[in-house]
Every structure is written in structure tokens, then in C-alpha cells.
Amino acid sequence: MKTEVSLFTRDPAALSVGVLVMPETNAFSLAACVDPMRAANRRAGRTLFRWTFLSPTGAPVPLTAGFEIAASPLPDQADFDLLVIVAGFRLEEQASPDLLSRLRRLAPQVRAMAGVDGGSWFLARAGLLDGRAATTHWEDLEKFASRFPAVDVRRDRYVISGPMVTTGGAAPCLDMMLALIGSRWGAELALRVAGAFLYEPLHAGSVPQMAMPAARIARADPALARAIALMEAHVDDPLPIAEIARRIGLSQRRLEMLFAERLSLSPGRFFLDLRLDEARRLTVDTGLSLQEIALRTGFASQTAFARAFRARFKATASSLRRP
């Protein structure tokens, strides 16, 4: 059993990484894990990371982008320090008893395990996140918390909880990898790796995930970013636009001007679209009833919900459900 010393501490030693790629993974999530390692090696002028692509059976792994990754089979005996699980879709279907059993056997053999995007689900299904803090992609947080009550679910971009690391998706994975590089080999190297991707700012793990690109909006106008954050926090119980304006210290007229200037929409239209986009996600990705979805997205009646949904998406919510 390897010593349980956090990977996120100063240490000049190189790290070996097993990257378990699950079918239908997002290519961006995989790149966010692997490319920082490549860039760190290049910028440092020496090998800081060695990595191997793995799959449950050793078969090539199809990604959502339409190409495959060649992979070796996930071993029973770990020869790497860190195992990263990168996953995207069909998580429950892929979480076979054999795979979960192997993850449990590997856990005490490695220094850390990380779940990227849907990878958190495999760690949770294996019981490896029980009693720990964790996160997953913001779209699935509510379902994840309901499915795994023993896990302290956070909305954070990434979470480090002992030897278990979880991230909310591709960009948070990049943040996590930059934090790992900075912790082990110094902030200057992390900044140079970030600079190689023209990536900024570097987000702390505790920064909450948001549906909108909050950093970009905040740079354009901090008041606009605060208004959108309030809207995202009150999707299920929409605040009046006048109240949102009051809470951020603006007149309603000034808030309307901000939305028109920056987004070419009224705040009311933007808020409605935000709620309807969430309603569409819940319709497609969950088994919630349409009545429950209407309530969770702030509609007082199913009739009002159905009318607004059809106007935005040119289809009924029921027609979008998989047969």
C-alpha cells in the first residue's frame, strides 16, 4: 500500500498516471486531463508526468467527437500513482459490478484517484466517496446528491478530499491539473502551462460552477454577473426583475440597459430563457415528471410551462423524451 501523502504538496518526483477513459467521453474533458501533463513536461524540460490510456477491457474507446482512443486494459495491480477516470454519458450502464470491484481493489494501491466530469459517478458507485466531499458536472449535481446521500456534494469546480479528487467537467479539470502542477513544482510552472493554452484566470477549486461563463461576464460588467448569478440561484423561485436590480444596487431601468447593451436581451427574456434551458435539460436528462420540472423551473402552472417551452424550442417537452 502506498503512503497516503497528498499529491498536492511540494515534491520534485515525477508522477505516473493511469487515465481510464470510458466510452462516450467528451474529448475536451480528456484533453483537459492529458494536455496539461504534456505541456508541463515540455515547459519544465524534463519528464514530470508519465501516463497510460486505459479502458475496462483494453478495447479502443469511442469518444463523443467521433474518434477512438487506443487503450490498455485496466490492471488488477496498479503501476501508477494516480488513476484518473474520465467519463461522459451512459454512466449507470457502464458501471458494471466487475469494474466497480476493480476500482475498490485499486484504491489502496494508488496515491490518489480522480473523477473527471462523469468519472465522479464511478468513484461514488464504488463507495469510494462515502463520507467525503465531491463534485460532478453542474447539470448532474442534484441527481448525484440524491443518488449518493453518503457523499458531501459540493457545487465547487473541483474538490480534493483526502486521496479522492473530483472535478465538474473539462475546464474545472484543467484548473485542477494546474493546481496539481503548481502544488508540486511551483506556481511559475503552472502559470507557464496555463499561458501555453492562453488560459486565464486560474480558478480556485472552491469557486462554484455556473451555467454561464461568469468570469467573462464579470470582466464585461460585474453588476451583470451578479444579476445572472441571482437568476441562476432562483431558477425554481424567480425573483422579480425589480428585486434583482435592488439587490445589486441598480435601478430596474439601468439593469435593463445593461442586458440590452451586453446581451441584446431584456433581463426578463434572459431569465425566462435560462429557466427554459434548465427545463429542457431536466426533460432530456432525467425521469422527472413534467409537472415536477415545471415547478423546479419556476412555473406556476403546467399550462404556462408548456406554452413557454413550445414557444422557445418549437416542440413540446414530452416529444423530447426518449422513447
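Conventions adopted
- Residues numbered from 1 in each chain as written.
- Predicted model: local features only at pLDDT ≥ 70, side-chain atom pairs only at ≥ 80, totals over all residues.
- Heavy atoms only, no water.
- Buried < 20%, exposed > 50% of the residue type's maximum accessible area, 1.4 Å probe, protein only.
- Helix = DSSP H or I, 4+ residues; strand = E, 2+ residues; numbered from the N terminus.
- Pairing = 2+ DSSP bridges.
- Right-handed = clockwise from strand over helix to strand, strands pointing away.
- Arc of directions from axis to C-beta.
- Contact = heavy atoms within 4.5 Å.
- Expected span 1.5 Å × (residues − 1).
- Bend = angle between axes of the 7 residues up to and from the residue.
- Polar contact = N/O pair within 3.5 Å; in protein donor to acceptor, adjacent residues only side chain to side chain.
- Phe/Tyr/Trp six-rings, centres within 6.5 Å; stacked < 30°, edge-to-face > 60°.
- Lys NZ or Arg CZ within 6 Å of the ring centre and 35° of its normal.
- Axes fitted to C-alpha atoms, helices over the stretch in contact; angles between N-to-C directions.
- Core = buried A, V, L, I, M, F, W, Y, C linked by side-chain atoms within 4.5 Å.
- Left-handed = near helix turned anticlockwise from the far one by under 90°.
- Nonpolar A, V, L, I, M, F, W, Y, C, P; charged D, E, K, R; others polar.

### Some words on the pairing of strand β1 (residues 15-21)
Of all seven residues in β1, seven are buried; the element is thus mostly enclosed. The side-chain alternation of β1 yields two buried faces, one formed by Leu-15, Val-17, Val-19 and Val-21 and the other by Ser-16, Gly-18 and Leu-20. Sheet analysis places β1 next to strand β2 (residues 49-55), joined by six bridges and oriented parallel. Within the sheet, the bridge partner assigned to Leu-20 lies in β2 and is Leu-54. One crossover worth recording links β1 to the parallel β2 by way of helix α1 (residues 27-44), and it is right-handed.

### Focus on unusual backbone geometry
Even without being glycine, Arg-90 reaches a positive phi, approximately 55 degrees. Assignment of secondary structure puts Arg-90 in the loop between β6 (82-87) and α2 (91-94). Look at Arg-90 and you get partly exposed, because its relative accessible area is 35%. The backbone phi angle of Lys-314 is positive, close to 55 degrees, even though this residue is not glycine. As for its placement among the helices and strands, Lys-314 is situated in the segment after α14 (302-313). Residue classification places Lys-314 among the exposed positions, given a relative accessible area of 68%.

### Focus on helix α7 (residues 187-196)
Buried within α7 we find Leu-189, Ala-190, Val-193 and Ala-194. What you see down the axis of α7 is that its buried residues fit within an arc of 140 degrees, all on one side. Away from the buried face of α7 by more than 90 degrees, exposed residues Ala-187, Glu-188 and Leu-191 are located. If you follow the buried residues of α7, they end up packed against α1 and α6 (170-185).

### Let's talk about α1
Taking 1.5 Å as the rise per residue, α1 with 18 residues should run 26 Å; its terminal C-alpha atoms sit 25 Å apart, in good agreement. By the largest-angle criterion, Cys-33 marks the main kink of α1, which is about 30 degrees, and a proline, Pro-36, follows within four residues. Restricting attention to buried positions, one finds in α1 the residues Ser-29, Leu-30, Ala-32, Cys-33, Val-34, Pro-36, Met-37, Ala-39, Ala-40 and Asn-41. Where α1 begins, the capping side chain belongs to Asn-26, and its oxygen is found 2.7 Å from the backbone nitrogen of Phe-28. Looking one or two residues past α1, Gly-45 carries a phi angle of roughly 75 degrees, positive in sign.

### Brief notes about the packing of aromatic side chains
Evaluated as defined, the whole model comprises eight aromatic pairs. Each ring, one from Phe-309 and one from Phe-313, has its centre 4.8 Å from the other, and the planes form 55 degrees; the classification is tilted. Placement of both Phe-309 and Phe-313 in helix α14 is noted, with a separation of four residues, approximately one turn of the helix. A relative accessible area of 1% means that Phe-309 is categorised as buried. By the ring-pair criterion, three or more aromatic residues cluster together here, those being Phe-299, Phe-305, Phe-309 and Phe-313. The lysine or arginine in question, Arg-275, covers the ring of Phe-299, its NZ or CZ lying 4.4 Å from the ring centre. Its end group placed over the ring of Phe-313, Arg-280 keeps NZ or CZ at 5.8 Å from the ring centre.

### Examining the sheet that holds β1
Reading across the sheet, the seven strands line up as β5-β2-β1-β6-β7-β11-β10 and stay open at both edges, with mixed pairing between neighbours. Only two strands of the sheet have a single partner each, and these edge strands are β5 (72-73) and β10 (158-161). Note that strand β7 (residues 112-117) and strand β11 (residues 164-167) share four bridges and pair parallel. Bridged to Gly-115 within β11 is Thr-166. Of the strands in this sheet, β1, β2, β6 and β7 are in contact with α1, which crosses β2 at around 155 degrees. Of the strands in this sheet, β1, β6 and β7 touch helix α3 (residues 97-106), which is tilted by about 155 degrees from β6.

### Examining the nonpolar core
Within the largest apolar cluster, 41 residues are counted, with the highest numbers of intra-cluster contacts made by Val-19, Leu-30, Met-37, Phe-49, Val-84 and Ile-181. Taken together, the elements giving at least two residues each to this core come down to β1, α1, β6, β7, α6 and α7. Looking at which element gives the most residues to this core, the answer is α6, with nine residues. Excluding anything up to four places from it in sequence, Leu-30 contacts Val-19, Val-21, Phe-53, Leu-63, Ile-69 and Val-86. The next biggest cluster of nonpolar side chains, apart from the first, holds 30 residues, and it includes Leu-54, Leu-91, Leu-100 and Val-151.

### Digging into the packing of α1 against α7
Direction vectors running N to C along α1 and α7 enclose 115 degrees, while the axes themselves pass 9 Å from each other. You can see that α1 and α7 cross each other, and the crossing is right-handed. Residues Pro-36, Ala-39, Ala-40, Arg-43 and Ala-44 of α1 form the contact with α7, whose participating residues are Leu-189, Arg-192, Val-193 and Ala-196. Here the residues of the contact of α1 with α7 are counted per class, giving seven nonpolar, no polar and two charged.

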